[in-house]
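# Analysis of the macromolecular model
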Amino acid sequence: MVFDDRRNMVDVAHNAMAFFAEESCGKCFPCRIGTHRLTERLNGTAGPATEAEWHSEVDDIGDTMMATSACGLGMAAPNITRSLQKYFPDQVSAHLQSVSQ
Ligand code: SF4
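It should be emphasised that the depicted structure is a prediction, and the values quoted were computed from it without experimental measurement. (Residues numbered from 1 in each chain as written. Predicted model: local features only at pLDDT ≥ 70, side-chain atom pairs only at ≥ 80, totals over all residues. Heavy atoms only, no water.)

A word on helix 6 (residues 89-100). Over its 12 residues, helix 6 runs 17 Å from end to end, which matches the ideal 16 Å to within 8%, given 1.5 Å per residue. All of the buried residues in helix 6 are Val92, Ser93, His95 and Leu96. Axial view of helix 6: buried residues confined to an arc of 165 degrees, hence all on one face. Contacts from the buried residues of helix 6 go to helix 1 (9-23), helix 2 (29-43), helix 3 (51-68) and helix 5 (78-87). (Helix = DSSP H or I, 4+ residues; strand = E, 2+ residues; numbered from the N terminus. Expected span 1.5 Å × (residues − 1). Buried < 20%, exposed > 50% of the residue type's maximum accessible area, 1.4 Å probe, protein only. Arc of directions from axis to C-beta. Contact = heavy atoms within 4.5 Å.)

See below:
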């Protein structure tokens, strides 16, 4: 997928994570629950109040999914949040500020 610089990458990540949550077969809980928890954190409907806590929690969920999911879907889904945090930190900050108001 190719996007220009007008695209909100948090929205892109949210849509991708929601797709993974929909496609999760539900066999193992790290993927079944983790994809939904990450989707919530990307749309602002749940998650900690501070930015540092948000990153820490998203990292913890992703680490657990990568280490314990039974197949590649659950192992790969956290790459969405990893890439978002690494390459678009300013958009993450703006998103967290907008949902906290
Ligand atoms: S990691 Fe694979 S087996 Fe586990 S719930 Fe997700 S899709 Fe199913």
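Next comes the rest of the description.
Here we take up the nonpolar core. Formed by 17 residues in total, the largest nonpolar core has its most connected members in Met17, Leu38, Leu42, Trp54 and Leu84. When residues of this core are traced back to their parent elements, those giving at least two are helix 1, helix 2, helix 3, helix 5 and helix 6. Take this core: its biggest share by element is 6 residues, from helix 1. Among all residues touching tryptophan 54, those that are not within four sequence positions of it are Arg41, Leu42, Pro48, Gln85, Val92 and Leu96. (Core = buried A, V, L, I, M, F, W, Y, C linked by side-chain atoms within 4.5 Å.)

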